[in-house]
Every structure is written in C-alpha cells, then in structure tokens.
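Breakdown of the fold
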Amino acid sequence: MADEIILLDFWPSMFGMRVRLALAEKGLKYEYREEDLWNKSPLLLEMNPVHKKIPVLIHNGKPICESLIIVQYIDEVWCDKSPLLPSDPYQRAQARFWVDYIDKKLYELGRKIWSTKRRRAGNSQEGIHRVP
Ligand SMILES: N[C@@H](CCC(=O)N[C@@H](CS)C(=O)NCC(=O)O)C(=O)O
C-alpha cells in the first residue's frame, strides 16, 4: 500500500519550506494543507498538541513535529532515495555547518523584513499580516 503523506504548513514559513525541500529532494508525493495560523484547524491542534505549530508531517496517520526532526525522519524512512547528507562524517559536519549558517541568515532576514513592515505600518495591524 502506498504511503499517505500529509503536510500541514503555512506557505511563507521557512520551517515549512525546509520540509518541502526535503520532500522534493526525495521525490515524494504528498498532500499539502495550508493552515490559517490565526484560526488553526482541529487537525493541527490534534497532531501537534504540544506546540500547536506548523509544519507537521502526518505519515500514515502518525504525526511528526518540529521541522528538523521531520527532515531527519524523512531521510531515515526514505533512505533509499537521494540521501540528504554525505556519508562521510567530516563532509556531513561541513554540510550541517552551512545549513546552520543559512538558517541563521534567513532568520535574521525574516526578522528584519517583518520589523520594517511593522514600522512602515506605524505598528498598527492595518496593511500587514500579523506575524504568527
Ligand atoms: N521550531 C519549530 C518552529 C515552527 C514555527 O515557529 N512555526 C510557526 C510558523 S513559521 C507557527 O506555526 N506559528 C504559530 C504559532 O506560534 O501559534 C520548527 O522548527 O518546526
């Protein structure tokens, strides 16, 4: 029987993007479900009762939460397809270093964009989407 893979996500999320990239690398088909983070679905609350955040991967009915844990899970379950990290420990450490570097840069950039948007909107919620 084919695997059922559902991703609960929110399109601008870099955490969600991380999972989408891993799924794409593995060439896996999945059902994408966009969440409204200001009105979370009962499914999200049920699948991630601890943090109530996206992304959540639901694999054959079982939830996996936290983007890095999801990526590791994907790599372990579909280990026969495009490994996400090199097999050599040193090369793996190098790859992880750059992943961490890019993550930190993206996070900083995201914060700057949102704080600029907020400042321009005069700190009101009008004209901008609230940051979840
Ligand atoms: N550490 C989590 C962070 C996930 C996260 O912060 N998700 C945000 C969207 S980018 C969220 O769901 N926010 C909703 C909330 O905080 O209520 C991960 O890596 O998956």
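Looking at an unreviewed UniProt entry, one finds the protein chain named Glutathione S-transferase and attributed to Vitis vinifera. The UniProt entry for the protein chain carries the following comment under Subcellular location (unreviewed entry): "Cytoplasm, Cytosol". Per UniProt, the comment on the protein chain under Function (unreviewed entry) is "Is involved in the conjugation of reduced glutathione to a wide number of exogenous and endogenous hydrophobic electrophiles."

1. A closer look at the layout of surface pockets
Approximately 790 Å³ is the volume attributed to the second largest pocket. For the second largest pocket, the lining is made up of 22 residues, of which Arg18, Leu68, Val71, Leu85 and Val99 are closest to its centre. Split into classes, the residues belonging to the lining of the second largest pocket amount to 12 nonpolar, two polar and eight charged. Split by domain, the residues of the lining of the second largest pocket number at least three in each of domain 1 (5–78) and domain 2 (86–131).

2. Some remarks on the pattern of salt bridges
Note on pairing: side chains with opposite charge can pair once their charged atoms come close. Tallied over the entire structure, the rule returns five salt bridges. Between Asp9 and Arg20 there is a salt bridge, and its shortest N-O distance comes to 2.6 Å. With Asp9 in strand E1 (residues 5–9) and Arg20 in helix H1 (residues 14–26), this pair connects stretches of sequence that are 11 residues apart. On the basis of relative accessibility, which here comes to 0%, the residue Asp9 falls in the buried class. Close ionic contact of Arg18 with Asp103 constitutes a salt bridge, the shortest N to O distance being 2.3 Å. Highlighted residues: Arg18 in helix H1 and Asp103 in helix H4 (residues 89–120), separated in sequence by 85 residues.

3. Regarding the site of the ligand
Taken together, 10 residues lie around the ligand, and Lys40, Lys53, Ile54, Glu66 and Ser67 are the ones closest in. Between the ligand and Ile54 there is a distance of 2.9 Å, counted from a nitrogen atom to a backbone nitrogen or oxygen. Between the ligand and Ser67 there is a distance of 2.6 Å, counted from an oxygen atom to a side-chain nitrogen or oxygen. Coverage of the ligand by the protein amounts to 77% of the 520 Å² it exposes when considered alone. Its residues placed into classes, the shell around the ligand shows five nonpolar, two polar and three charged.

What counts, and where the lines are drawn
Residues numbered from 1 in each chain as written. Predicted model: local features only at pLDDT ≥ 70, side-chain atom pairs only at ≥ 80, totals over all residues. Heavy atoms only, no water. UniProt positions renumbered as here; feature names shortened; annotations may be inferred. 1 Å grid on protein atoms, 1.4 Å probe; cavity = no way out; pocket = protein on both sides within 12 Å on 5 of 7 lines; lining within 4 Å. Points joined across faces, edges and corners; volume = space filled by probe spheres on them. Nonpolar A, V, L, I, M, F, W, Y, C, P; charged D, E, K, R; others polar. Domains from an automatic or database assignment. Salt bridge = Lys/Arg side-chain N within 4 Å of Asp/Glu carboxyl O. Helix = DSSP H or I, 4+ residues; strand = E, 2+ residues; numbered from the N terminus. Buried < 20%, exposed > 50% of the residue type's maximum accessible area, 1.4 Å probe, protein only. Near = heavy atom within 4 Å. Polar contact = N/O pair within 3.5 Å; in protein donor to acceptor, adjacent residues only side chain to side chain. Areas by Shrake-Rupley, 256 points an atom, 1.4 Å probe, with all protein chains shown as cover.

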